[in-house]
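Single-letter residue listing:
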Amino acid sequence: MKQYILVLILFFSFQAHNQQTDFLVKPYLQIGKTSSPHSMQVLWHATVSNDVWLAEYKNNGETDWKRSEGQYVSTIAVGTVAPFYVYRTSFTSLKPGTLFQYRVSKNGKIVFSAEAKTIRSSEQSYRIAISGDMGAGTGTAKKVAYEIYKAKPDMVAIAGDLVYNRGLLSEYRAKFWPVYNKDDADTLGAPLMRSIPFVASVGNHDALGRDLNAFPEALAYYYFWDQPLNGLNGKEGGAFVPTLVGTDVNKKAFYDAAGERYPRMTNFSFDQGNAHWTIIDSNPYVDWNDSTLRDWVAKDLAAAANATWRFVLFHHPGFNSSRTHYEHQQMRLIAPILEKGKVDIVFAGHVHNYQRSYPMTFIPDNMGSQLVAGANNIKTGKLVNGRWTLDKKFDGKQNTRPNGVIYIVTGAGGQGLYNPEQQNDTDSWQRFTIKFVSTVHSFTLMDVNGKELTIKQVDFNGKEVDRVKITK
Ligand SMILES: [Fe+2]
């Protein structure tokens, strides 16, 4: 009997070990390069091998499994990391706003299965969790992930600084996948990414490091994320794509890993339900004097005139009351474009706390003054003065129709909090700020129901710290 139990234990531990070694990163969802409510992209990472992989899916209630469309493999062979494969394939016949099941097989054997949510079509209501500066791998980042999971959103939007400290491949392995694509849900993380899509803007920690000799694993954003490619493909050294530094070998390894996503995948847009989202690269290397990207933002918003809501996501907040990073104001420069494009809310991170502005408009005095730091005169941001107009009648309770854009800083997703001393020191806030929560980590939860939306700020223990209603 003892021997029999021992054999059983050995068998199951072998099986468990096998499960672990099938993936370097288990399957996770992305909206893909051509986002639609009928499609979803699934990616997974595995060691280099001749294994035959198959992904299948079915909509809730269907009995037959459908094969995914296409299967693309990129080889990631950068730095001293053992080369591995990133697989990506598409589910293309999903029913908007419903659940679907999917499974992944290796060499004919099912090695992963999950249930997931599709993107909503225009008339369906939905919930989105938004936070920035999440990928620090801290205890609070993990608790925030767990609270997001418990809130059951349909999508997570990250306002940049996806992984600390340099956007490296190995940092994703240490701080990102184990938290947001964990097998089970608890205060150490949750199986979020396998069941709902994450979208993201790039932050300074994801995109500023461009020296592939010093950090060959940098810019891992481009090989791990799979987001729409409907933005502009800028030129290296041009107005909004910095020059890449590195030997030909290091550059080739990066280009091979990044594929068509580099450098296009930092400015893009997509629709979720009745809302249009525009994602913008707010890093200080972007030259907003150049009209190319400005025009793209204006055209993108104009093309979304029929959407009920327009949301914008980027990393560096233009309107921020924190003493930390107060001077990183370059995104104020496009406030008039966002106003003309009838943007409802701008979500940003970078500043590790929560702030909400009055509905407001802003006219910059000029194109701002460049700030630089360090021996290499690295651009850190711009000071942009100007004139703002605040809608102080809007209270988000009785008066729910804002006149202007509401700017939300939601950068308290896990990295160390900024300026807790300012939370109750209202004199230290800029006049555009109405709410400032800097003593607790938190995330934004937005429920969109037709022409009404509710925004809640929820702390890492699940407690609500702000709430506002907006109607059309
Ligand atoms: Fe940042």
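To start, this report covers the structure provided alongside it. (Residues numbered from 1 in each chain as written. Predicted model: local features only at pLDDT ≥ 70, side-chain atom pairs only at ≥ 80, totals over all residues. Heavy atoms only, no water.)

## Concerning the packing of aromatic side chains
Point 1. A full pass over the atoms with the stated rule returns 40 aromatic pairs.
Point 2. Ring geometry for Tyr28 versus Trp177: centroids 4.6 Å apart, planes at 40°, classification tilted. Taken together, the residues span a long stretch of sequence, with Tyr28 in strand S1 (residues 25-30) and Trp177 in helix H3 (residues 169-180) at a distance of 149 residues.
Point 3. When its relative accessible area of 1% is taken as the criterion, Tyr28 is described as buried.
Point 4. Look at Trp177 and you get buried, because its relative accessible area is 6%.
Point 5. Look at Phe84 and Phe224: their rings are 6.4 Å apart centre to centre, the planes differ by 35°, and that puts the pair in the tilted class. Taken together, the residues span a long stretch of sequence, with Phe84 in strand S6 (residues 84-91) and Phe224 in helix H5 (residues 221-224) at a distance of 140 residues.
Point 6. Cation over ring: Arg173 sits above Phe84, and NZ or CZ is 4.5 Å from the ring centre.
Point 7. Taking the ring centre of Trp309 as reference, the NZ or CZ of Lys472 above it sits at 4.9 Å. (Phe/Tyr/Trp six-rings, centres within 6.5 Å; stacked < 30°, edge-to-face > 60°. Helix = DSSP H or I, 4+ residues; strand = E, 2+ residues; numbered from the N terminus. Buried < 20%, exposed > 50% of the residue type's maximum accessible area, 1.4 Å probe, protein only. Lys NZ or Arg CZ within 6 Å of the ring centre and 35° of its normal.)

## Some remarks on the sheet that holds strand S7 (residues 99-106)
Point 1. Here we have four strands laid out as an open sheet, ordered S4-S3-S7-S8, and antiparallel in their pairing. Edge positions in the sheet fall to strand S4 (66-67) and strand S8 (109-117), since each of these pairs with one other strand and no more.
Point 2. Of the pairings in the sheet, the one linking S7 to S8 comprises eight bridges and is antiparallel in character. Within the sheet, the bridge partner assigned to Lys106 lies in S8 and is Lys109. (Pairing = 2+ DSSP bridges.)

## Some remarks on the side chain of Thr89
Point 1. Residue placement: Thr89 occurs in strand S6.
Point 2. Side-chain polar atoms of Thr89 contact the backbone oxygen of Glu69, separated by 3.2 Å.
Point 3. Thr89 has contacts with Met40, Gln41, Val42, Trp44, Ala55, Ser68, Glu69, Gly70 and Gln71, leaving out every residue within four places of it along the chain. (Polar contact = N/O pair within 3.5 Å; in protein donor to acceptor, adjacent residues only side chain to side chain. Contact = heavy atoms within 4.5 Å.)

## A few points about the pattern of salt bridges
Pairs can form between side chains of opposite charge whenever their charged atoms are close.
Point 1. Applying the stated criterion to the full structure yields 22 salt bridges.
Point 2. Note that Lys33 is salt-bridged to Glu260, the shortest N-O span being 2.9 Å. Of this pair, Lys33 sits in the loop between S1 and strand S2 (40-47) while Glu260 sits in the loop between helix H6 (248-258) and strand S14 (268-272), and the two are 227 residues apart along the sequence.
Point 3. According to the relative accessible area criterion, Lys33 is partly exposed, its value standing at 41%.
Point 4. Ionic pairing is found between Asp183 and Arg194, a salt bridge with its closest N-O pair at 3.0 Å. (Salt bridge = Lys/Arg side-chain N within 4 Å of Asp/Glu carboxyl O.)

## A closer look at the coordination of the iron ion
Point 1. Distances from the iron ion to its protein donors, Asp161 (OD), Asn204 (OD1), His315 (NE2) and His350 (ND1), fall at 2.1 to 2.2 Å.
Point 2. One way to put it: the four donor atoms around the iron ion meet at angles of 84 to 167°, and that makes the site irregular.
Point 3. Written as a sequence motif, the donor residues of the iron ion are D-x42-N-x110-H-x34-H. Of the two residues, His315 sits in the loop between strand S16 (309-313) and helix H8 (335-340) while His350 sits in the loop between strand S17 (345-348) and strand S18 (354-357), which places them 35 residues apart along the sequence.
Point 4. Judged by its relative accessible area of 3%, His350 is buried. (Donors = N, O, S within 2.8 Å, 3.2 Å for Na, K, Ca; no water. Tetrahedral: all angles 85-135°; square planar, octahedral: opposite > 155°, others 65-115°.)

## Remarks on the environment of Glu123
Point 1. Note that Glu123 resides in the loop between S8 and strand S9 (126-131).
Point 2. Of the residues examined, Glu123 reaches a relative accessible area of 64% and is grouped as exposed.
Point 3. Along the primary structure Glu123 and Leu99 are separated by 24 residues, whereas in three dimensions their C-alpha atoms are 17 Å apart.
Point 4. There is a polar contact of 3.2 Å between the side chain of Glu123 and the side chain of Ser122.

## Observations regarding the nonpolar core
Point 1. Of all hydrophobic cores here, the largest spans 139 residues; its most connected members are Phe224, Trp225, Trp277 and Phe311.
Point 2. Here this core gets six residues from one element, more than from any other, and that element is H3.
Point 3. Sequence-distant contacts of Phe224, that is, excluding residues within four places in its chain, are made with Tyr28, Gln30, Leu43, His45, Phe84, Val86, Leu169, Tyr172 and Trp177. (Core = buried A, V, L, I, M, F, W, Y, C linked by side-chain atoms within 4.5 Å.)

## A short note on the side chain of Thr471
Point 1. Among the structural elements, Thr471 can be located in strand S27 (residues 464-471).
Point 2. A polar atom in the side chain of Thr471 sits 2.6 Å from the side chain of Thr400.
Point 3. The contact partners of Thr471, leaving out residues within four places of it in the chain, are Trp309, Thr400, Arg401, Pro402, Lys451 and Glu452.

## Here we look at the pairing of S1
Sheet faces and side chains relate simply in a regular strand, where the side chains alternate between the two faces.
Point 1. A large share of S1 lies buried, amounting to six of its six residues.
Point 2. The pairing of S1 with S2 spans four bridges and is antiparallel. Within S2, the residue paired with Gln30 across the bridge is Gln41.

## Considerations on unusual backbone geometry
Residues other than glycine predominantly adopt negative phi, and peptide bonds predominantly adopt the trans conformation.
Point 1. At the junction of Tyr164 and Asn165, the peptide bond is cis and its omega measures out at 10° in the coordinates.
Point 2. Along the chain, the position of Asn165 falls in the loop between strand S10 (155-158) and H3.
Point 3. Tyr262 connects to Pro263 through a cis peptide bond whose omega is -5°.
Point 4. Mapped onto the secondary structure, Pro263 falls in the loop between H6 and S14.

## Some remarks on the pairing of strand S23 (residues 406-410)
Point 1. With five of five residues buried, S23 lies mostly within the body of the structure.
Point 2. Burial of S23 is two-sided: the residues Ile406, Ile408 and Thr410 facing one way and the residues Tyr407 and Val409 facing the other way are all buried.
Point 3. Strand direction decides the pairing type here: S18 and S23, joined by three bridges, are antiparallel. When the bridges of S23 are listed, Arg356 appears paired with Ile408.

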